[in-house]
Structures are given as structure tokens and as C-alpha cells.
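# Chain and residue survey
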Amino acid sequence: MTDRVLALLAPALQAEGSVLLDATLGRAGHASALLSRHPGLTLIGVDADEAAIEESRARLAPYRGRVTLVHARYDAITEILDALGQPSVQGVLFDLGVSSPQLDDPSRGFAYSYDAPLDMRMDRTATLTAADVVNTYPAARLARVLREYGEERFARRIADAVVREREKTPLTSTMRLSEIIRDSIPAPARRTGGNPAKRTFQALRIEVNGELDALRRALPAALDALAVGGRIVVLAYHSLEDRMVKQALAAGAADTTPPGLPVQLAASRPRFRLLTRGAERPGETEVAANPRAASARLRAAERVLAAA
């Protein structure tokens, strides 16, 4: 949905000296397109993955004087902007979830289609790995992770099977975990919904990287950082992420004047205007070209009122 992202952010980034905070830089696909389109734009690119930072540094070399790259999680937005002396920005972009290069690198352990170590860390300087989760969490806690983050209806069966198998030998490979998951799910359920390991791997990734907790902290910080006229665009790929984004944007766009008052209170006026009706989805052509885009949900908003 790159074209839609560019179109939504364009009105906020046209002025000379505009600043975009790309909170999930990845391999700088969106960032490079925006820098090319807006000659007066400067970029603050943030990513927890050091490999992404280094690859983006090379890709963004033509814009070197307009780019600042930061290795950090996106819930450090406030600290990052404070350290850079940047009180506000004109644009914020989140492209959530795991990136294609991370999925395609077997050594990272994100994908169930490769045999690899059970890692799943976006930030490889972090300590918790997927192997730690599957080998140390009690069955009840593991089942809760799979149920809440993966919406896996066979969460307890999978968790119990994992505990049984790890008592024989620690689980260290993605392929072995995939086999356990497949064997835990009834045959009729395995015939629909794609790879049976998909939901469990998603849940483990979210747990390992603390993604929902980070997003819960990052969204209000990002909204607070926007200048009047500034815009935020968020691409989410998971219903729990999208729900969190929807609630945060809706709260900012709400009139909080108490019911029954004859006039709108100035302090209760909406601070944001929603730019999308619900969540926008990719078209059939884009999904055909990039099947991983199928689950994307895009939401955007514009700040219309300064903070009180």
C-alpha cells in the first residue's frame, strides 16, 4: 500500500523543513520514496533491528544529509525526539509486524517454512528468544500467549504437547516446533486456514518482542509528537494491533464535551481528524503481487488542534 501511504502523508510533508518519524524503518522502502518525493523533508528513522539500520543506511546514502537513523524500539519515540531536540514532527509512519527480509532470513527463526534456531528477536541485542518461551513457560502461560496473541483455538493442546516434548529434549528448531504444532491440531482443522503453525509463530514473535506493549506506549507518544497539520499513518497486520490503533485514533478524534451541555467546550474539541473510513485494505492486484500484504489494515489521522 505504498502509494496510499505516500498520498496520505504528502499534504503534511510538502513544506521545506518538514520532519517525518518513520518508527518502523525496516529496509527504508517507504522512507526512500518519501525522501525522493519531498526534497525539503528530513527523516528520523527508527528500528530495533540493527541489520535493518545498516541496510537502510546504504539505501538512504543519497539523502545522507537529511537522514538520522536510530537503533531503538518505537516505544522510545519521546526519548528519541528529546535527544534530537525535535519537539514535534509533521509525519509519523508505523508499518508494524515482521518485515519480509526478516521472514526470508532463515537464521532469524521467524518463518515456519525454514528449519532454523528458535530465535524471533527483532532486536538481536535483546535476551528473550522463542526458545526461551517454549522451553521455560508453564503450560498455562504458554497457552495464554498462543490464545491471546495468535488467536489459536487449540492453544492448550499445543502448549501441553510442547511441554511433553521439551521434557524429552529442549526444543531448539523451528521445524521441530512446527511438527509438534501440526500433530497437536485435529486433522480436519489442518485442512483449512493455511499452515497450522502460522498462529503459534505469530504469537511467539509478539511475545518475544513485546510488540503489543510497545505499541500501547508508542501510539500516544506518536500522537503527542505531531504538530498541527501533521499526519500519522499506521499499517497493521494483526487484529489486536489494528484494534489498538483504531481506539487510539478514535479517542483523539472524539469530542469529549459532557453530554447535555449546550455548547462545545474548547478543551473538549477533537484534536485529530480521521483520514480513513475504517481500515483500508489492499486491492486484489496488490495482494496478487504480494500475498503478504493480504492482512494489511491501514488507518490515518491528522492533528487539527494543538495540545492543551
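Scope of this entry: the structure provided in the associated data block. For every chain, the first residue of the written sequence is number 1, and numbering continues from 1 onward in sequence order. Residue-level local features of this predicted model are given only where pLDDT is at least 70; pairs of side-chain atoms are given and counted only at 80 or more, and the full residue set underlies all totals for whole chains, interfaces and linings. Where side-chain values are given, they derive from all heavy atoms of the structure, hydrogens and water being excluded.

## Some remarks on the environment of Ser 113
- Each helix corresponds to a stretch of at least 4 residues labelled H or I by DSSP, and each strand to a stretch of at least 2 residues labelled E; elements are numbered beginning at the N terminus. Relative to the helices and strands, Ser 113 is located in the loop between helix H5 (100-104) and helix H6 (130-136).
- Relative accessibility under 20% of the residue-type maximum defines a buried residue, over 50% an exposed one, and the middle range a partly exposed one, all with a 1.4 Å probe and only protein chains included. On the basis of relative accessibility, which here comes to 54%, the residue Ser 113 falls in the exposed class.
- Linking Ser 113 and Asn 195, residues 82 residues apart in sequence, is a C-alpha distance of 9.1 Å.

## Some points on the pairing of strand S4 (residues 89-95)
- For S4, a buried count of five out of seven residues is recorded, marking the element as mostly surrounded by other parts of the structure.
- Each pair of strands is called paired provided DSSP finds at least two bridges between the two strands. Here strand S1 (residues 19-22) pairs with S4 via three bridges, running parallel. The residue bridging Asp 22 from the neighbouring strand is Leu 93, located in S4.
- Bridging between S4 and strand S5 (residues 226-236) involves six bridges; their strand directions are parallel. Residue pairing for S5: Gly 91 is matched across the bridge by Arg 231.

## With respect to the environment of Val 133
- Following the sequence through the fold, Val 133 ends up in helix H6.
- Sequence spacing of Val 133 and Leu 103 is 30 residues, and the spatial spacing of their C-alpha atoms is 19 Å.
- Not counting residues within four places of it along the chain, the set of residues in contact with Val 133 comprises Leu 128, Leu 142, Arg 166, Leu 204, Glu 207 and Val 208. Only heavy atoms enter the contact rule, under which two residues are in contact if any of them lie within 4.5 Å.

## Here's the deal with helix H1 (residues 2-13)
- Take the number of residues in a helix, subtract one, and multiply by 1.5 Å to get its expected span. Helix length check: H1 (twelve residues) gives 16 Å between terminal C-alpha atoms against 16 Å at 1.5 Å per residue, within 8%.
- Among all positions of H1, only Val 5, Leu 6, Leu 8, Leu 9, Ala 10, Ala 12 and Leu 13 are buried.
- Packing partners of the buried residues in H1 comprise S1, helix H2 (29-37), S4, S5 and strand S7 (297-303).

## Focus on the packing of helix H7 (residues 139-150) against helix H8 (residues 155-168)
- Closest axis-to-axis distance for the H7/H8 pair is 8 Å, and the angle between their directions is 135°. Between H7 and H8, the angle falls in the class oblique. Two packed elements cross with a definite hand, and for H7 against H8 that hand is right-handed. When H7 is examined against H8, the residues Ala 139, Ala 140, Leu 142, Ala 143, Leu 146 and Arg 147 are found in contact with a partner set consisting of Ala 155, Arg 156, Ile 158, Ala 159, Asp 160, Val 162 and Val 163.
- Residues were grouped as follows: Ala, Val, Leu, Ile, Met, Phe, Trp, Tyr, Cys and Pro as nonpolar; Asp, Glu, Lys and Arg as charged; and all remaining residues, including Gly, as polar. In the contact of H7 with H8, the residues fall into ten nonpolar, no polar and three charged. Axes here mean lines fitted to C-alpha atoms, for a helix over just the part in contact, with angles spanning 0 to 180 degrees between N-to-C directions. Roughly parallel here means an angle under 35 degrees, roughly antiparallel means over 145, roughly perpendicular means 65 to 115, and every remaining angle is called oblique. Definitions for this section: a left-handed crossing has its near helix turned counterclockwise from the far helix by less than a right angle. A right-handed crossing has that turn clockwise.

## Focus on the nonpolar core
- The biggest cluster of nonpolar side chains holds 68 residues, and the ones touching the most others in it are Ile 77, Phe 94 and Ile 232.
- It is helix H12 (residues 211-225) that contributes the most residues to this core, nine residues altogether.
- With residues near it in sequence (within four places) discarded, Phe 94 still touches Ala 23, Thr 24, Tyr 74, Ile 77, Ala 218, Leu 219, Ala 222, Ile 232, Val 233, Val 234 and Leu 235.
- We define a nonpolar core as any set of buried Ala, Val, Leu, Ile, Met, Phe, Trp, Tyr and Cys residues linked to one another through side-chain atoms lying within 4.5 Å. Judged by nonpolar contacts, the second largest core, of 26 residues, contains Tyr 63, Val 67, Leu 69 and Ala 296.

## What to know about the sheet that holds S1
- If you trace the seven strands from one edge of the open sheet to the other, you get S3-S2-S1-S4-S5-S7-S6, paired in mixed fashion. Looking at which strands have only one partner, the edges of the open sheet turn out to be strand S3 (67-71) and strand S6 (272-274). Averaged over all neighbouring strand pairs, the angle between strand axes comes to 15°, with direction disregarded.
- Here three bridges tie S6 to S7, and the two strands are oriented antiparallel to one another. From the neighbouring strand, Leu 274 faces S7, where its bridge partner is Ala 301.
- The strands touched by H12 within the sheet are S4, S5, S6 and S7, with S5 carrying the most contacts at an inclination of about 150°.
- The sheet strands contacting helix H13 (residues 239-252) are S5, S6 and S7, and the helix crosses S7 at an angle near 20°.

## Overview of the packing of aromatic side chains
- For this analysis, a ring pair means two rings from Phe, Tyr or Trp (six-membered ring only for Trp) whose centres lie within 6.5 Å, classed as stacked if their planes differ by under 30 degrees, edge-to-face if by over 60, and tilted for the remaining angles. The full count for this structure, using the stated rule, is two aromatic pairs.
- Their ring planes at 85° and their centres at 5.6 Å tell us that Tyr 74 and Phe 94 sit as a pair that is edge-to-face. With Tyr 74 in the loop between S3 and helix H4 (77-83) and Phe 94 in strand S4, this pair connects stretches of sequence that are 20 residues apart. Take Tyr 74 and Phe 94: they sit in the same class, and that class is buried.
- Seen from their ring centres, Tyr 112 and Phe 201 are 5.6 Å apart, and the 85° between their planes marks the pair as edge-to-face. Taken together, the residues span a long stretch of sequence, with Tyr 112 in the loop between H5 and H6 and Phe 201 in helix H11 (residues 198-209) at a distance of 89 residues.
- Taking the relative accessible area as the measure of exposure, Phe 201 reaches 2% and is therefore buried.
- Criterion for a charge above a ring: Lys NZ or Arg CZ within 6 Å of the ring centre, and within 35 degrees of the ring normal. Across from the ring centre of Tyr 137, 3.8 Å away, lies the NZ or CZ of Arg 141, which sits over that ring.

## As for the side chain of Gln 102
- The topology assignment puts Gln 102 in helix H5.
- Residue classification places Gln 102 among the buried positions, given a relative accessible area of 4%.
- What qualifies as a polar contact is a pair of N or O atoms within 3.5 Å, subject to a donor-acceptor requirement within protein and to the restriction that residues adjacent in sequence count only when both atoms come from side chains. Polar contacts involving the side chain of Gln 102 include one to the side chain of Asp 49, which spans 2.9 Å.
- Discounting chain neighbours no more than four positions away, the residues touching Gln 102 are Arg 27, Asp 49, Arg 108, Phe 110 and Met 122.

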